[in-house]
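Okay, here's what each chain looks like letter by letter:
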Amino acid sequence: MHSEKDWSKLYKISSEKKDSHLFVYLTGDFGLKNLNLFTNDIRKLIDKKKFQQISIDFSGISFLDSAAALALIQLKNYAGAKNTLWSFVNLTEEAKGIFSVIHEQALIKRPFKPKTASDNFLIQLGDAFLHLVRDFINVVEFVGDLLFAIFYTITHPQSLRMKDILFYMKRAGVDGLPIVGLISALIGLIIAFMSFLQLKQVGANIYVPSLVSFAMVKELGPIMTAILVAGRSGSAFAAEIGTMVVNEEVDALKTMGFDPVRFLAVPKVLASMMVVPILTIYADFFGVLGGMIVGVTGLDLTVNTYLTQSIKTITVFDIVTSLIKAAVFAALIAGIGCQRGFQVRSGAQDVGKYTTSAVVSAIFLIVVADSIFAVTLYYIR
Amino acid sequence: MPLPENKPIIVVENLSARFGSNIVFEGVSFQVNKGEILVVVGESGCGKSTLLKIMIGLQKPFSGKVLFRGTDIISAGEDEINNYRQNIGVLFQSSALFSSMRLSENIALPLQEYTDLDSAMINMIIKMKLGMVNLAGYENHYPAELSGGMKKRAGIARAMALDPTVLFFDELSAGLDPVTAVELDDLIIKTNEALGTTMVIVTHELESICKIAHRVVMLDKTAKGIIAEGDPQELKEKSTDPRVRSFFLRQLPDADYRDGAYGK
Ligand SMILES: Nc1ncnc2c1ncn2[C@@H]1O[C@H](COP(=O)(O)OP(=O)(O)OP(=O)(O)O)[C@@H](O)[C@H]1O
Ligand SMILES: [Mg+2]
């Protein structure tokens, strides 16, 4: 085995001039690792003077690889461009073998497909717009498929795979409990602390619990839970389905007569819609708990007053709408996650791209839906 | 096709492999000679892929040695393993081309990593390698745009990027149609003859073995080791071992049929 540095000492090039005929004798090992070195050496030799003919003698070569042979062919072309006759002499059997598999046609063959050059700004802009439109159409189509599949599932409940539903409920719900609880408690704590700093100036400490529970139940609980679920489960759904597409598992499903949307997306969507509202209530509870830490330690409120104040602010209407909101968010997250998964065409890179897209699109949709809720609820009340 | 010289380039000594308490094989010893095409055969599950993974340093054996030019690569340090890896090329069963890269980028990868060549030279080498495997002009294609046989050939081009001394193949022609398989066999033979590359092929398909193998090593699941070794034609005709006989008979029912069906 040769180590890196030896290679420069493994070859020797000597030359001999007869009139304007140059003989170059190659001895030793010629390969990838010393390709630059020996190419430069030979090039220097043949650049020195204008020769009519150059002969490269192979008899001393003990090792030659295809890259080195290619380099010699390139030198030949280089010399040819200067109208110098060039010949390889005393070829060894190995060298002949190597030259026999280097097809000069292949070396000059143009690639079948040009490497895509980047377009100008206007074309890119148009492309991006078309892409957006196509994406929108895809989503709408998928929503149609999904609604149809859900409808079918509701009318044929025995077609639902209960095991899948429970599995995804555990994945999206139970497994998320620790992080959702922690984040909600911290958010509750932050709101309580910030509002306390402001409200104590006007002596309105007693409103801190109301503010916390109001914010948690009406907005932050559903939103924070949804964002966490999007990050945890929306991405997982996209990656799972995407990988199945790449492995041709989705094609297999189709050929076996299954509707991939019904088989893969419906359980995920239904499971999420069932479990995310529960997760939201849990988040609300932990938010209030977090606020209570500040309330009890910093505001000198008793646990009892804090809780009564918190509950007084919230109406049943608030809780019900919050649950509906959570269910809608869940449908959006799981739906877009599955849809992005189905968009994967080939390769690991696609899976990554659409997994990212699943999370970003889910969060975007959550915010859009939430603003629609905010406006509608204002008018309903 | 006997080879005149038999200088060993890889020596496998007393190799044993286990998964937990499941003993895959034990006391496997054989050698790979310079410039030969060695085919490791055996029924499914006898440990061929395991043996290959150990030989290319992807998996540790339970015990034993794999000597490459006298250095044990099982106990070797990072540097030696790295050096060894530059001397071998591997074609995986699924071709394992990087799907996010064009063919040219797939082949350029090892060249950029291990050599100091400029991009013009690397481009020429890419063209040359693609030409060798009959894929001239495909450098801008992505793997997903190729057929299974083309992927295999592109995989060979990538495996040969650094002009390795030894090429390893897992299930060379599994999943390919007979015509493509024969083309691939011809490519292997041509490459072996032209470049003198040593080849180790692991397969359970006997169709091409007699044509391409200089030597065969036969593993057996129940014997948990090698049951036969030698020239494939001789084994097929002269072996008295019933296991060897049944292996050849089962998968090579009739030489005429093969010749008629697949040509040559
Ligand atoms: N990662 C693993 N964990 C546990 N056991 C394994 C693992 N990989 C392989 N085995 C076991 O080792 C044995 C040999 O497997 P191996 O894949 O080497 O067989 P093979 O000869 O290549 O078969 P085939 O021709 O089907 O590819 C089998 O019994 C298999 O169950
Ligand atoms: Mg195998």
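Residues numbered from 1 in each chain as written. Chains lettered and ligands numbered in written order. Predicted model: local features only at pLDDT ≥ 70, side-chain atom pairs only at ≥ 80, totals over all residues. Heavy atoms only, no water.

### Comments concerning the environment of Ile98 of chain A
Piece 1. With respect to the element layout, Ile98 of chain A can be found in helix 3 (residues 93-101).
Piece 2. Separated by 275 residues in sequence, Ile98 of chain A and Phe373 of chain A have C-alpha atoms that sit 73 Å apart.
Piece 3. Setting aside chain neighbours within four positions, we find Ile98 of chain A in contact with Leu64, Asp65, Ser66 and Ala69 of chain A together with Ala194 and Leu195 of chain B. (Helix = DSSP H or I, 4+ residues; strand = E, 2+ residues; numbered from the N terminus. Contact = heavy atoms within 4.5 Å.)

### Some points on the side chain of Asn140 of chain B
Piece 1. Looking at the secondary structure, you find Asn140 of chain B in the loop between helix 4 (119-132) and helix 5 (148-159).
Piece 2. Looking at Asn140 of chain B, the relative accessible area reads 8%, which means it is buried.
Piece 3. Here the side chain of Asn140 of chain B touches Lys113 of chain A through a polar contact of 2.6 Å, landing on its backbone oxygen.
Piece 4. With near-sequence residues (within four places) excluded, Asn140 of chain B lies in contact with Pro111, Lys113, Pro114 and Lys115 of chain A together with Arg102 and Ser104 of chain B. (Buried < 20%, exposed > 50% of the residue type's maximum accessible area, 1.4 Å probe, protein only. Polar contact = N/O pair within 3.5 Å; in protein donor to acceptor, adjacent residues only side chain to side chain.)

### So, the domain arrangement of chain A
Piece 1. We note that the domain assignment places domain 1 (4-107) and domain 2 (125-380) within chain A.
Piece 2. Taking only C-alpha atoms into account, the centre of domain 1 of chain A sits 68 Å from that of domain 2 of chain A. (Domains from an automatic or database assignment.)

### Side note on the pairing of strand 7 (residues 166-170) of chain B
Residue and element names in this part refer to chain B.
Piece 1. Of all 5 residues in strand 7, 5 are buried; the element is thus mostly enclosed.
Piece 2. Bridge count for strand 6 (residues 88-91) against strand 7 is 4 bridges, and the pairing is parallel. Of the residues in strand 7, the one forming a bridge with Val90 is Phe168.
Piece 3. Here strand 7 runs beside strand 8 (residues 198-203); their pairing, made up of 5 bridges, is parallel. Within the sheet, the bridge partner assigned to Leu167 lies in strand 8 and is Met199.
Piece 4. Handedness of the β-α-β unit built from strand 7, helix 6 (residues 178-195) and strand 8 comes out right-handed. (Pairing = 2+ DSSP bridges. Right-handed = clockwise from strand over helix to strand, strands pointing away.)

### Here we look at the site of ligand 1
Residue and element names in this part refer to chain B.
Piece 1. Neighbouring residues of ligand 1: Phe19, Asn22, Val24, Ser44, Gly45, Cys46, Gly47, Lys48, Ser49, Thr50, Glu171 and His204.
Piece 2. In this structure, an oxygen atom belonging to ligand 1 sits 2.8 Å away from a main-chain N or O atom of Gly45.
Piece 3. With respect to ligand 1, the backbone of Gly47 contributes an N or O atom lying 2.9 Å from an oxygen atom.
Piece 4. Protein chains shield 58% of the accessible area of ligand 1, which is 640 Å² for the free molecule.
Piece 5. Those elements that place two or more of their residues in the shell around ligand 1 are strand 2 (22-33) and helix 1 (48-55).
Piece 6. For the shell around ligand 1, the class distribution of residues is 3 nonpolar, 7 polar and 2 charged. (Near = heavy atom within 4 Å. Areas by Shrake-Rupley, 256 points an atom, 1.4 Å probe, with all protein chains shown as cover. Nonpolar A, V, L, I, M, F, W, Y, C, P; charged D, E, K, R; others polar.)

### Overview of the nonpolar core
Piece 1. Of all hydrophobic cores here, the largest spans 87 residues; its most connected members are Phe38 and Leu64 of chain A together with Ile125, Ile156 and Phe169 of chain B.
Piece 2. Broken down by element, the residue count for this core peaks at 9 residues, all from helix 2 (residues 66-81) of chain A.
Piece 3. Discounting chain neighbours no more than four positions away, the residues touching Phe38 of chain A are Tyr11, Ile13, Phe30, Gly31, Ala68, Ala71 and Leu72 of chain A.
Piece 4. In terms of nonpolar packing, the next biggest core, distinct from the first, is built from 42 residues, Leu146, Val261, Leu264 and Val269 of chain A among them. (Core = buried A, V, L, I, M, F, W, Y, C linked by side-chain atoms within 4.5 Å.)

### What to know about the pattern of salt bridges
Think of it this way: side chains of opposite charge can pair up when their charged atoms draw near.
Residues and elements named next belong to chain A.
Piece 1. Applying the stated rule across the entire model yields 17 salt bridges over all chains.
Piece 2. Of the charged contacts in the structure, one is a salt bridge between Arg340 and Asp135, with a shortest N-O distance of 3.0 Å. One end of the pair, Arg340, is in helix 12 (residues 316-343); the other, Asp135, is in helix 5 (residues 121-155), with 205 residues separating them in the sequence. The pair formed by Arg340 and Asp135 is uniform in burial state, with each residue classed as buried.
Piece 3. Note that Asp370 and Lys325 form a salt bridge whose closest N and O atoms lie 3.0 Å from each other. Of the two residues, Asp370 is situated in helix 13 (residues 347-380) and Lys325 in helix 12; the sequence distance between them amounts to 45 residues.
Piece 4. Overall, Lys325 belongs to the buried group, its relative accessible area being 3%. (Salt bridge = Lys/Arg side-chain N within 4 Å of Asp/Glu carboxyl O.)

### A few points about the sheet that holds strand 5 (residues 71-72) of chain B
All names here are of chain B.
Piece 1. What the 4 strands build is an open sheet, ordered 2-1-4-5; its pairing is antiparallel. Each of the sheet's edge strands pairs with one partner strand only, and the pair in question is strand 2 and strand 5.
Piece 2. Where strand 4 (residues 63-68) meets strand 5, 2 bridges bridge the pair, whose relative direction is antiparallel. Across the sheet, Leu67 pairs through a bridge with Asp72, a residue of strand 5.

### Focus on the state of the cysteines
Piece 1. Per the counting criterion, the structure on display carries 0 disulfides over all chains.
Piece 2. Cys210 of chain B carries a free sulfur, and the closest cysteine sulfur to it, the one in Cys46 of chain B, is 17 Å from it. (Disulfide = S-S within 2.5 Å.)

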